[in-house]
Amino acid sequence: MSENNSMPKESLLSPRNKKLLTDPLGKDNPINVQVLGICSVLAITVQLRTSLVMAISVVAVMGFANVIISLLRSTIPPRIRIIVQLTVIASLVILVDQILKAFVYDISRQLSVFVGLIITNCIIMGRLEAFALNNKPWPSFLDGIGNAAGYGWVLLAVGFFREVFGSGTLMGYAVIPQFLYDIGYEDNGLMILPPMALITVGIIIWVQRYKDRRLIDIS
Amino acid sequence: MEELLNIFVKSIFIDNMIFAYFLGMCSYLAVSRTVNTSVGLGFAVIFVLGFTVPINFLLENYILGRGALSWLGPQFAAVDLSFLTFIMFIAIIAAMVQLVEMIIEKLSPTLYSSLGIFLPLIAVNCAILGGSLFMQERNYANISEAISFGLGSGVGWFLAIVGIAAIREKIRYSNVPAPLRGLGITFIITGLMGIAFMSFMGIEL
């Protein structure tokens, strides 16, 4: 209870809250470290544009889902909490899906089933279970945004490398200068194919763990 | 019959859930430490996919799709409930997982205790929802095609997780660079396996 009493005095971006926002970007990253929500990272990162839309969608769903579950946390019976969480997430994803269909229809076609699969994105379920069920709305919101942003930057990084090396473009604009093609440079078709997404993430993990040795898996 | 076999083989090898669409990666990475547990999870996934895909097929074609309600009467022909797809599919999956769990517990307590912890996890496995969503997107003609797609995807997932688990058991004795150990090397191996599976592309039965 002492925590509840001290909460209102805490400023909105106190060090503790800021930590919630920044930890998932680096040493507690949902993808590189906690290994959650891999599926979509790999499937929709052929282009930077789809990665960006996906990252924004996940940030939106996750922030709101965390807030809603956190507001409901004392009324949800523990036995049926999973189905309640799934219902909340599914409703938010339906909203996102309808918005994407209305405003960016071609990207929504490219993302195909992967918008729907945000529902079963383990990061969202994982954060709801681990954080939002036991915390107040504002910290939960920050936690959701932080984790979704941590997910988003990996998504954008993978999308960046795959698009630059795979098709020589960024957001659809050519970035590899023409004279390189003239002297014999070729786009690497393998980067567009699914397996290279896995290998790119593998290399990102390698670089991150090389820099931060505490993350190394000792088992 | 030939068409069914074609869908079955295609969903195992060419449209493999893991290597072509990366669905169910979370449990694939988390549970593939030993072969025994991955065999258990693999069977559970085959089981649940084999049930949920056909059920969601019926749901899609007789309740949710555009004009699907016309069997109720001509005035329902224009009703389009497809915006409810996600929430209905996930509800069916969660309910089916619960049901499968109870059935297995009743019929075969040994299988239940070996699968035990994995069964509830399957409700949030993207491969299951992905299977239903792909079924919807690809417009399978009838329920037997949906069944063969569901079972085929399950078998493909099973092969992938057992394969990676066997490799991970062996690789423990190899000298992998420290920062790459565990997660990193698993990703790269999965990528290489994916390249191998791509050689099935273009096979037509």
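Every chain begins its residue count from 1, and numbering advances along the sequence as written. Each chain gets a letter, beginning with A, and each ligand a number, beginning with 1, in the order they are written. Totals for whole chains, interfaces and linings use every residue, but because this is a predicted model, local features are given only for residues with pLDDT of at least 70 and side-chain atom pairs only at 80 or more, for both listing and counting. Hydrogens and water molecules were not included; the side-chain quantities draw on all heavy atoms of the structure.

Draft legend 1. Structural view of helix H9 (residues 183-197) of chain B. Residues and elements named next belong to chain B. Helix and strand assignments come from DSSP, with helices taken as H or I runs of at least 4 residues and strands as E runs of at least 2, each series counted from the N terminus. Helix span, expected: 1.5 Å multiplied by one less than the number of residues in the helix. Along its 15 residues, H9 runs 21 Å from first to last C-alpha, staying within 8% of the 21 Å computed at 1.5 Å per residue. For every residue, the accessible area obtained with a 1.4 Å probe (protein chains only) is divided by the maximum for its type, and the residue is called buried under 20%, exposed over 50%, and partly exposed between those limits. Where burial is concerned, most of H9 is hidden: twelve out of the 15 residues are buried. Those residues of H9 that fall on the buried side of the exposure criterion are Leu183, Gly184, Ile185, Thr186, Phe187, Ile188, Ile189, Thr190, Gly191, Met193, Gly194 and Phe197.

Draft legend 2. Quick peek at the packing of helix H4 (residues 48-72) of chain A against helix H5 (residues 81-103) of chain A. Residues and elements named next belong to chain A. Note on geometry: axes are lines fitted to C-alpha atoms, helical ones only across the stretch in contact, with angles between N-to-C directions running from 0 to 180 degrees. In contact at an axis separation of 10 Å, H4 and H5 are set at 145° when each is read in the N-to-C sense. Crossing hand, H4 versus H5: right-handed. Contact residues: H4 offers Val53, Ser57, Val61, Phe64, Ala65, Ile68 and Ile69, while H5 offers Gln85, Val88, Ile89, Leu92, Val93, Val96 and Leu100. Here the residues of the contact of H4 with H5 are counted per class, giving twelve nonpolar, two polar and no charged. Crossing handedness follows the turn of the near helix against the far one: under a right angle anticlockwise gives a left-handed crossing, and clockwise gives a right-handed one. Contacts are assigned to residue pairs that have any heavy atoms within 4.5 Å of one another. Residue type decides the class: Asp, Glu, Lys and Arg count as charged, Ala, Val, Leu, Ile, Met, Phe, Trp, Tyr, Cys and Pro as nonpolar, and the leftover types, Gly among them, as polar.

Draft legend 3. Region of the structure containing the nonpolar core. Here, the term nonpolar core denotes a set of buried Ala, Val, Leu, Ile, Met, Phe, Trp, Tyr and Cys residues that are joined through side-chain atoms within 4.5 Å. Core analysis: the biggest nonpolar cluster contains 111 residues, and Val41(A), Leu42(A), Leu23(B), Met25(B), Tyr28(B), Ile122(B) and Trp157(B) have the highest contact counts within it. Not counting residues within four places of it along the chain, the set of residues in contact with Ile122(B) comprises Leu41(B), Ala44(B), Val45(B), Val48(B), Val97(B) and Ile128(B).

Draft legend 4. Quick peek at empty space enclosed by the protein. Think of a 1 Å grid over the protein atoms and nothing else: a 1.4 Å probe that fits but is trapped marks a cavity, an open set flanked by protein within 12 Å on at least five of seven lines marks a pocket, and residues with an atom within 4 Å of a point count as lining. Grid points are joined across faces, edges and corners, and a volume is the space filled by probe spheres set on the points. On inspection of all chains with the given rule, the structure shows two cavities of 30 Å³ or more. What lines the largest cavity is Gly37(A), Cys39(A), Ser40(A), Phe114(A), Leu117(A), Thr120(A), Asn121(A), Leu23(B) and Cys126(B). Among the residues forming the lining of the largest cavity, the class breakdown is five nonpolar, four polar and no charged.

Draft legend 5. Region of the structure containing the pattern of salt bridges. Residues and elements named next belong to chain A. Salt bridges are identified by distance alone: a Lys or Arg side-chain nitrogen within 4 Å of an Asp or Glu carboxyl oxygen. This structure, assessed with the given rule, holds three salt bridges over all chains. In this structure, Lys101 engages Asp97 in a salt bridge whose closest nitrogen and oxygen atoms are separated by 3.3 Å. You can see Lys101 and its partner Asp97 sitting in helix H5, four residues apart, about one turn around the helix.

Draft legend 6. Region of the structure containing the packing of aromatic side chains. Stacked, tilted and edge-to-face are the three classes applied to pairs of Phe, Tyr and Trp rings, where Trp contributes its six-membered ring and a pair requires centres within 6.5 Å; stacked means planes under 30 degrees apart, edge-to-face means over 60, and tilted covers the rest. Applying the stated criterion across every chain yields a total of eleven aromatic pairs over all chains. With centroids separated by 6.3 Å and ring planes inclined at 5°, the aromatic side chains of Phe161(A) and Phe165(A) adopt a geometry described as stacked. Residue Phe161(A) and its partner Phe165(A) are located together in helix H8 (residues 137-167), separated by four residues, close to a single helical turn. Exposure remark for Phe161(A): the relative accessible area of 36% places this residue in the partly exposed category. Under the relative-accessibility criterion, Phe165(A) is labelled partly exposed at 38%. Between Phe13(B) and Phe200(B), the aromatic rings sit 4.7 Å apart at their centres with planes inclined by 35°, giving tilted as the arrangement. Pair noted here: Phe13(B) is in helix H1 (residues 2-14) and Phe200(B) is in the segment after H9, with a separation of 187 residues, a long-range link. Site record: aromatic cluster; members linked through ring pairs are Phe13(B), Phe19(B), Phe197(B) and Phe200(B).

Draft legend 7. Representation of the environment of Leu69(B) within the structure. Residue and element names in this part refer to chain B. With respect to the element layout, Leu69 can be found in the loop between helix H3 (35-64) and helix H4 (85-107). With relative accessibility at 11%, the residue Leu69 sits in the buried group. It is 15 Å that separates the C-alpha atoms of Leu69 and Asn56, two residues lying 13 residues apart in sequence. Those residues in contact with Leu69 that sit more than four places away from it in its chain are Tyr62, Ile63, Phe76, Val79 and Leu81.

Draft legend 8. Summary view of the packing of H4(A) against H8(A). Residue and element names in this part refer to chain A. In contact at an axis separation of 8 Å, H4 and H8 are set at 165° when each is read in the N-to-C sense. Accordingly, the angle class assigned to the pair H4 and H8 is roughly antiparallel. As H4 runs across H8, the sense of the crossing is right-handed. Angles are sorted into four bins: roughly parallel if under 35 degrees, roughly antiparallel if over 145, roughly perpendicular if 65 to 115, and oblique for all others.

Draft legend 9. Representation of the interface of chain A and chain B within the structure. Of the residues lining the interface, 43 residues belong to chain A; the matching set on chain B comes to 40 residues. Between chain A and chain B, the buried area comes to about 3,600 Å², and carbon and sulfur atoms account for 83% of it. Applying the counting rule to chain A against chain B returns zero salt bridges. Each polar contact in these results corresponds to two N or O atoms within 3.5 Å; when the atoms are within protein, one needs to be able to donate a hydrogen and the other to accept it, and residues that are neighboring in sequence are counted only if both atoms are side-chain atoms. Inspection of the chain A/chain B interface yields zero residue pairs in polar contact (both at pLDDT 80 or more). When contributions to the side of chain A that touches chain B are tallied by element, the ones reaching two or more residues are helix H3 (38-43), H5, helix H7 (122-130) and helix H10 (194-211) of chain A. Broken down by element, the side of chain A that touches chain B gets its largest block of residues, eleven residues, from H10(A). Here the residues of the side of chain A that touches chain B are counted per class, giving 29 nonpolar, ten polar and four charged. Summed over both partners, the accessible surface that disappears when two parts come together, traced with a 1.4 Å probe, is what is meant by buried area.

Draft legend 10. Geometry of the layout of surface pockets. In this structure, the largest pocket occupies an estimated 790 Å³ of space. Every residue lining the largest pocket is counted, 30 residues in all, and those nearest its centre are Ile82(A), Pro120(B), Leu121(B), Ala123(B) and Val124(B). Broken down by secondary-structure element, the contributors of at least two residues to the lining of the largest pocket are H5 and H7 of chain A together with helix H2 (25-31), H4 and helix H6 (118-122) of chain B. For the lining of the largest pocket, the class distribution of residues is 21 nonpolar, five polar and four charged. Roughly 610 Å³ of internal volume is contained in the second largest pocket. Asp97(A), Lys101(A), Arg109(A), Thr85(B) and Gln136(B) are the residues nearest the centre of the second largest pocket, which is lined by 22 residues in total. When residues of the lining of the second largest pocket are traced back to their parent elements, those giving at least two are H5 and helix H6 (105-111) of chain A together with H4 and helix H7 (126-138) of chain B. Sort the elements by how many residues they give to the lining of the second largest pocket and H5(A) lands first, with four residues. For the lining of the second largest pocket, the per-class residue count stands at six nonpolar, nine polar and seven charged.

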